[in-house]
Amino acid sequence: MTFDQFDLHGKVAIITGCNTGLGQGIAVGLAEAGADIAGVYRSDPGETKKQVESLGRRFVGIKADLSSIEPVNDIVMQTVDAFSKADILINNAGIIRRCEALEFSEKDWDKVLNVNLKVLFFLSQAVARQYVEQGTGGKIINIASMLSYQGGILISSYTASKSGVLGLTRTLANEWAKHNINVNAIAPGYMITNNTEPLRKDKQRYESITARIPAGRWGKPEDLKGPAVFLASDASSYVQGFTIAVDGGWLAR
Ligand code: NAD
């Protein structure tokens, strides 16, 4: 084995939610390994574009609201127009709503399930159709969560969506492995991003969570670079349907 297996030069990666947080960290990590980036964004992706281009890689921004499946075919078309193909999809965009289950609204249920699960499925379908048409196969990496494994509190729709992502990762891998498509997921632990800002502002929760993480610290977007490059590269060609925790040991505890 050589480390060339991790090389992504000549590969094109579509990343949703590329403008900030974990999506930005993954975009920069894949670019460091050589990939060009089709960055799907809702808010200005200027900082991600700057970092990707400073590595000598191309960045093409695709503006899309992923609260419905309406833009999914266009995302694939714009990627293929710009780069002639797609090789990697990172389904990273996601939202969370916090509320007691007794009070949880249908609106917040639907919003979270739409972005985190429904659009993730239909974008995967659109990209997988492109992989099949290209005859190349490709990679799909879903961003799951600790809430793919645990219940959590105050986040019913988020836990339902992320548990769904774990199951979907398995079933899509089962169906698409024969097309040379690898479908896997990364389950980040507690990471320092906008998503966890309210948790980190609650001093007591912040300290009790930190004390339970064997690594003794919260994760950073950069912590996902290595696992994402592995799953996006030839090095993982026989890894199928698995959700890898990147959590500083949280689940092992
Ligand atoms: P974040 O809030 O910084 O990023 C979320 C991204 O999703 C943003 O780029 C946002 O623009 C995009 N997005 C949300 N709704 C969208 C929509 N309707 N259309 C287009 N884009 C939309 O938070 P993050 O922590 O970087 O989250 C990234 C992913 O990681 C999410 O799926 C989240 O659930 C998951 N995750 C985060 C943590 C954590 O501790 N931060 C842990 C586990 C999983």
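Below is a summary of the structure that appears in this document. (Residues numbered from 1 in each chain as written. Predicted model: local features only at pLDDT ≥ 70, side-chain atom pairs only at ≥ 80, totals over all residues. Heavy atoms only, no water.)

Here we take up the overall build of the protein chain. Scanning the protein chain from terminus to terminus reveals 8 helices and 7 strands. For the protein chain, the C-alpha radius of gyration of 17 Å lies close to 18 Å, the compact-globule estimate for 253 residues. Overall size of the protein chain, expressed as C-alpha extent along the three principal axes, is 50 × 40 × 35 Å. Within the protein chain, the proportion of its 253 residues that are buried is 49%. Restricting to contacts in the protein chain with at least 6 residues of sequence separation, those with at least 24 account for 70%. When the 27 positive and 26 negative side-chain charges of the protein chain are each reduced to one mean point, those points stand 3 Å apart. (Helix = DSSP H or I, 4+ residues; strand = E, 2+ residues; numbered from the N terminus. Rg over C-alpha atoms; globule rule 2.2 N^0.38 Å. Buried < 20%, exposed > 50% of the residue type's maximum accessible area, 1.4 Å probe, protein only. Contact = heavy atoms within 4.5 Å. Lys, Arg positive; Asp, Glu negative; His and termini not counted. Charge placed at Lys NZ, Arg CZ, Asp CG, Glu CD.)

Right, let's talk about the pattern of salt bridges for a bit. Under the criterion given, the structure shown has 9 salt bridges. Residue K225 pairs with E32 through a salt bridge whose shortest N-O separation is 3.0 Å. Separated by 193 residues along the polypeptide, K225 in helix α8 (residues 225–232) and E32 in helix α1 (residues 21–32) bring together distant segments of the chain. (Salt bridge = Lys/Arg side-chain N within 4 Å of Asp/Glu carboxyl O.)

Once that is clear, we can look at the pairing of strand β3 (residues 59–63). Bridging between strand β2 (residues 36–41) and β3 involves 5 bridges; their strand directions are parallel. Residue pairing for β3: V40 is matched across the bridge by I62. With helix α2 (residues 46–54) bridging β2 and the parallel β3, this β-α-β connection has right-handed handedness. (Pairing = 2+ DSSP bridges. Right-handed = clockwise from strand over helix to strand, strands pointing away.)

To continue, consider empty space enclosed by the protein. This structure, assessed with the given rule, holds 1 cavity of 30 Å³ or more. Estimated volume of the largest cavity: approximately 60 Å³. Around the largest cavity, the lining residues are T16, L66, N91, N92, A93, V115, V119, L120 and L123. The class makeup of the residues in the lining of the largest cavity is 6 nonpolar, 3 polar and no charged. (1 Å grid on protein atoms, 1.4 Å probe; cavity = no way out; pocket = protein on both sides within 12 Å on 5 of 7 lines; lining within 4 Å. Points joined across faces, edges and corners; volume = space filled by probe spheres on them. Nonpolar A, V, L, I, M, F, W, Y, C, P; charged D, E, K, R; others polar.)

By themselves, these observations are geometric and do not establish any function.
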